[in-house]
Amino acid sequence: MFRALCRRLSAVRKYSTTTAEYPFSKSVTASQPVLPPTDALRKGKGLMQHLSKTLVDPEKRHMVDVLFSRRHPERLPPGSVLTAYTGQAPFQFSGVLIAIRRRGPSTSFTLRNIVQRMGVEMQFFVNSPDLKRVEVIQRAGGGGGRQGRRMRRAKLFYLRDSPEKMTAISAGVRG
Amino acid sequence: MLSFWTTVRQSSKASALRRCLHSSSAVNATAAATEAGPSTTPQSWTPQSVRTGVIARKRGMTAMWDQHGAKFPVTVLQLDNCQVTANVKTVRKDNSEYHAVQVGASDRPDRTTTKAMRGHFSKAEVHSKYIVKEFPITADAHVPVGTTLSAIHFVPGQYVDVIAKSIGKGFQGGMKRWGFRGLRASHGVSVSHRKLGATGGHQDPGRVWPGKKMAGRMGGDRTTAQNLEVVRVDTALDLVFVKGCVPGVDDAHVMVRDAKKRMREIVRANFSKGNDPDRILPKGVDALPFPAGTKEMAETLPPIITAPSKRVTSPFAPASN
């Protein structure tokens, strides 16, 4: 099966990515397909699933496949405290991970923080070129014991009405 | 193929190119006099030309990001063995001509195709198709019968019209079908919250005007989404990514053609005004594959071609005062 994959990869046409090869426009960018095309994909079978994998930037694959996946052992559970670094203002934003919206290339997560006594939530799209990297400050508990029990919800919107629970999470960060 | 248009771009206004879609004058001497079909000399795109369209299948929607970091929705259209099945030429009583390219898509088992259609497809030497549609063109834009059209037919940065049967909504009331506001929810209104209300005057006219907007079947009719920008073309899988939404359900057949407003009327107006040749076609588009983008052409060009956003400034950059 590995040999068949190598054969298919070598059959992908090799083209120069200079725009001079494309005579109808000068401002376009040319690129190669990430995975070789199959007959099933040309018929449309599994095409959207294929696109949801290939439209994700290779640098963001780790975020989509590991950090914000459903079942990966190293995924970030809701309740974790993260810092997101962006290219535009605010250049960094820290907060509690209260929601993960898993939609393949449109995967996003929401961080909540109290900034100058005001609750602020920001939604970051994983595949956006604006999001540079995500740093984990504190992972939420996985099981019982010293780490604490895991959050029993996927979406922690109840934190909007409980400032004391937000304080408890932030106390755990410093402690 | 591009040589004629490039010489025109270099020269000044060429009035000899004035040619109407349904003209009776025999300006185009290269078109065959007796039968429709592509001429032997290679034709080049002109601002008066109208190319064929293609039939694609709507596969779904996803999102992409442009070079500024702004997110935009895209619809994925896939060409499913789209081939030319006939070239149509009809001469009307007033000697004007109608030219069209007939295109078929999606291979169909021969045993489910009627004998009449099987004969039609065997004459064109193509596989039987599920859908066959016609695209009106100018006389110079005929494509040889049997040609397989490819996603390379569209240039990233150009605009297209996408035509399909919209999703059927069934029998719907006035509020959903026509956007009526209904009546109050409370304050004494009895048993009528989503009704039409009044339907006309009194004794004069004493009837309801024909065509009065009322409840009825909504959706399931031919709808055109106009002026959608093509952002990416993938010839490895024959995909065309258009920005925005497209009518129809997933896997429905859609007709895709150059936008009538932004690729025909505006281009013709720019040309007849004598604009700079670089500013006739939409920004970023230098030329169009003519008469059509074929599978053979796609093999000579890069597999995935993406157009940048036409915005010059970033939407996130603060406005300079």
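Residues numbered from 1 in each chain as written. Chains lettered and ligands numbered in written order. Predicted model: local features only at pLDDT ≥ 70, side-chain atom pairs only at ≥ 80, totals over all residues. Heavy atoms only, no water.

Under an unreviewed UniProt entry, chain B has the name Large ribosomal subunit protein uL3m and belongs to Schizopora paradoxa. As its UniProt record puts it under Sequence similarities (unreviewed entry), chain B is described as follows: "Belongs to the universal ribosomal protein uL3 family." (UniProt positions renumbered as here; feature names shortened; annotations may be inferred.)

By the naming in an unreviewed UniProt entry, chain A goes by Ribosomal protein L19 and is assigned to Schizopora paradoxa. In UniProt, chain A has this text filed under Sequence similarities (unreviewed entry): "Belongs to the bacterial ribosomal protein bL19 family."

1. As for the interface of chain B and chain A
With 44 residues of chain B at the interface, the matching set in chain A holds 33 residues. For the chain B and chain A pair, buried surface summed over both sides reaches about 3,200 Å², with 62% attributable to carbon and sulfur atoms. Considering only the surface of chain B that becomes buried against chain A, B:Trp65, B:Leu237 and B:Ile304 emerge as the three largest contributors, covering 18% of it. On inspection of chain B and its partner chain A, the count reaches two salt bridges. Of the charged contacts in the structure, one is a salt bridge between A:Lys26 and B:Asp286, with a shortest N-O distance of 3.2 Å. The tally of links from chain B across to chain A stands at 12 residue pairs in polar contact (both at pLDDT 80 or more). Of all the secondary-structure elements, those providing two or more residues to the side of chain B that touches chain A are strand E1 (54–65), strand E2 (71–78), strand E10 (239–243), helix H5 (295–299) and strand E12 (304–306) of chain B. With six residues, E1(B) is the largest single contributor of residues to the side of chain B that touches chain A. (Contact = heavy atoms within 4.5 Å. Buried area = accessible area lost by both parts, 1.4 Å probe. Salt bridge = Lys/Arg side-chain N within 4 Å of Asp/Glu carboxyl O. Polar contact = N/O pair within 3.5 Å; in protein donor to acceptor, adjacent residues only side chain to side chain. Helix = DSSP H or I, 4+ residues; strand = E, 2+ residues; numbered from the N terminus.)

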